[in-house]
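# Summary of the model geometry
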Amino acid sequence: MSSFSFIHAADIHLDSPLKGLEQYEGAPVEKIRNATRDAFNNLVETAIERRVSFVIIAGDLYDGDWKDYNTGLFFTRQMIRLQKENIKVFLIRGNHDAASIISRELKLPNNVYEFSTKRAETVVIDELGVAIHGQGFASKAVEENLAKKYPSRIEGHLNIGILHTSATGHEGHENYAPCSIEDMKEKGYDYWALGHIHIREFLSEKDPVILFAGNIQGRHIKETGEKGCSLVEVSNGEINSVTHLPLDVLRWELCKIDASAMNSVEDLFEVAREQLLEKYQHTDGRFLAVRIVIEGASKIHQELLVNKEQYINNLRSLSLEFDELWIEKIKIKTTRLINIEELKAQHTPVSIILDYIQRVAHDEDILEEILQEFKDIHQALPYELRNGEDGFDFTNTDVIKRRIDNLEDLILYYFTESGVEA
């Protein structure tokens, strides 16, 4: 048998829609809008440069139904590029592809083979000694174990299974086409090319290789880190190596800062600058989108809370020190160092105020009265300020309860600044 290579990719989500990015000041909207196309272009260029024999796409090529044919036409143009290089493409539908209406009518070049959604089937590439088995999603929510009905291996061939699945279950992903590792091993295949989970993960590194390739481009802050495809090298009918190749053009990163040992806000800025620089240096020239999360019980907690707007803007300005960096969001999740229960027991003027606030927080009648006072303000607030985890939703008493800690911190800060004994 000859030596050859193939690429395993999944979860392309071409033209995945932006969700609310326009409301973020300075957001690189066009760069993010084009990221999935640019990453897919990198996939095609990599396949050509590496002279692979075929490309596997393990579901979710698209991102639901599109409004026009432009997404599909872009994909077709990329497939024609591969056709000119005699590179075949084998793909299955995932849960997002199943929702697409237009893609069902789109004619693809003859180098692209889409597996049936009705039953598992097998394609044999005689010149390579390869048998590829697969089945796509007929509907968005496939809850049956598809792997159980895949064909048995074809002897004398390298057997590859393509499956869009949650496998044994992953947090944050729908439990579609569930199956166990043993279900896949029972088929006797050499390689399982999995899709649906957006993080690259080996379920088995050999005998057989079972791999989630992950998505090729992160689309939001929940999809952090390097994204790409897997290059699989084969010789004498056996898999020699599986190598991750980065394809992403924009990288999302979470920057967590522990403020527990900080004595001043200046310390925070310095640590933030250092962490941003470190992450920036590992992007290899890609655009970097960062969320900063500040945590820990800290001396600077009250100061951050009181001057929140000022310090958030100062932290955002750090991005100006880098050519290709955008700070997506800054979340201040620090807590106070002061033990407020001990403080209340001291019967000082501040402790009396804090004790009253706590009693109000547990009196639903008073809270309802407060809500009535905010009724007109609630109606006047723009939509974006009334929704989301930081929204001011004055239609239920929980919003006031959530703000009680902030109110206590404000009181502690201002009394401390004015010199009143806490």
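Everything here concerns the structure above.
Bear in mind that the values here come from a model prediction, so they are computed numbers and not experimental data.

## Remarks on the pattern of salt bridges
The full count for this structure, using the stated rule, is 19 salt bridges. In this structure, Arg37 and Asp15 form a salt bridge, with 2.9 Å as the shortest nitrogen-oxygen distance. With Arg37 in helix α2 (residues 35–49) and Asp15 in the loop between β1 (4–9) and α1 (29–33), this residue pair connects regions lying 22 residues apart in the sequence. Residue Arg37 is classed as partly exposed on the basis of its relative accessible area, which comes to 22%. Taking the relative accessible area as the measure of exposure, Asp15 reaches 24% and is therefore partly exposed. For the salt bridge of Glu127 with Lys88, the shortest nitrogen-to-oxygen distance reads 3.6 Å.

## Topic: the nonpolar core
Among the nonpolar cores identified, the biggest contains 28 residues, and Ile7, Ile12, Phe40, Ile57, Leu61 and Phe75 are the most heavily contacted of them. Breaking this core down by element, the ones donating at least two residues are β1, α2, β2 (54–57), α3 (70–84), β3 (88–91) and β11 (228–235). With five residues, α2 is the single largest residue contributor to this core. Setting aside residues no more than four positions away along its own chain, Phe40 makes contact with Ile12, Leu14, Ile57, Leu61, Phe74, Phe75, Gln78, Met79 and Ile216.

## Re the environment of Glu233
Looking at the secondary structure, you find Glu233 in strand β11. Glu233 gets classed as partly exposed once you look at its relative accessible area, which sits at 32%. The sequence separation of Glu233 and Phe4 amounts to 229 residues, and the corresponding C-alpha distance is 6.2 Å. Sequence-distant contacts of Glu233, that is, excluding residues within four places in its chain, are made with Phe4, Ser5, Glu238, Ile239, Asn240 and Ser241.

What counts and how
Residues numbered from 1 in each chain as written. Predicted model: local features only at pLDDT ≥ 70, side-chain atom pairs only at ≥ 80, totals over all residues. Heavy atoms only, no water. Salt bridge = Lys/Arg side-chain N within 4 Å of Asp/Glu carboxyl O. Helix = DSSP H or I, 4+ residues; strand = E, 2+ residues; numbered from the N terminus. Buried < 20%, exposed > 50% of the residue type's maximum accessible area, 1.4 Å probe, protein only. Core = buried A, V, L, I, M, F, W, Y, C linked by side-chain atoms within 4.5 Å. Contact = heavy atoms within 4.5 Å.

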